[in-house]
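Chain by chain, the residues:
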Amino acid sequence: MKKTIIILGLALVAFANESFASNLNVSNKINVETIYNPTPLCNAIIKGDFETVKKFIEYGADVNQTSDGMTPLMLAARYNKVEIVKILLDKGARLDEKNERGYTALNYAEMSKSVDVLDFLKKV
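Residues numbered from 1 in each chain as written. Predicted model: local features only at pLDDT ≥ 70, side-chain atom pairs only at ≥ 80, totals over all residues. Heavy atoms only, no water.

The name recorded for the chain in an unreviewed UniProt entry is Ankyrin repeat-containing protein, from Flavobacterium swingsii.

Okay, structure coming up:
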C-alpha cells in the first residue's frame, strides 16, 4: 500500500510540473540589435578584398572616415592587411590618428599581434 501511494504521489508531482510548465508563456526568441555597422570600405578591409578597397578609394571613399570608432587604417592594421595599409597610406590615411580610446593603427597592430603590419609601420 505504501509503495502504491508513493508511486501515485510521484506521478501526480510529475504531471503537475508538466502541466504547469506548459501553461507558462515562455518565448525562446531573442531580439538582437546590430551594434557594429561598418562602412562598405571597412567591410572590404576586414575581408581582405584588396581590389574592392582600391575601387572604393578610386570612387571617392574617405580613407579617414571612422566607422564605430575605428578608421580604415586601424582596421587594416588590426587584421594584418599590409597591402591595404600601404594603399591607405598612399591615399592620405593619417597614421597618427587616434580614436576615442586613444589608440592608433600601430596600437591595434600590436594588440592583435599583426606582425607583418607592425614591421611595415615601424619602417614608415
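On we go from here.
### Quick word on helix H5 (residues 82–90)
Among all positions of H5, only Val82, Ile84, Val85, Ile87 and Leu88 are buried. Along its buried surface, H5 packs onto helix H2 (40–47), helix H3 (50–58), helix H4 (72–78) and helix H7 (115–123). (Buried < 20%, exposed > 50% of the residue type's maximum accessible area, 1.4 Å probe, protein only. Helix = DSSP H or I, 4+ residues; strand = E, 2+ residues; numbered from the N terminus. Contact = heavy atoms within 4.5 Å.)

### Quick notes on the packing of aromatic side chains
Going through the model one piece at a time under the given rule, you end up with one aromatic pair. Ring centres of Tyr103 and Tyr108 lie 5.6 Å apart, and the angle between their planes is 80°; on these two criteria the pair is classed as edge-to-face. Look at Tyr103 and you get partly exposed, because its relative accessible area is 30%. Its relative accessible area of 8% is what places Tyr108 among the buried residues. (Phe/Tyr/Trp six-rings, centres within 6.5 Å; stacked < 30°, edge-to-face > 60°.)

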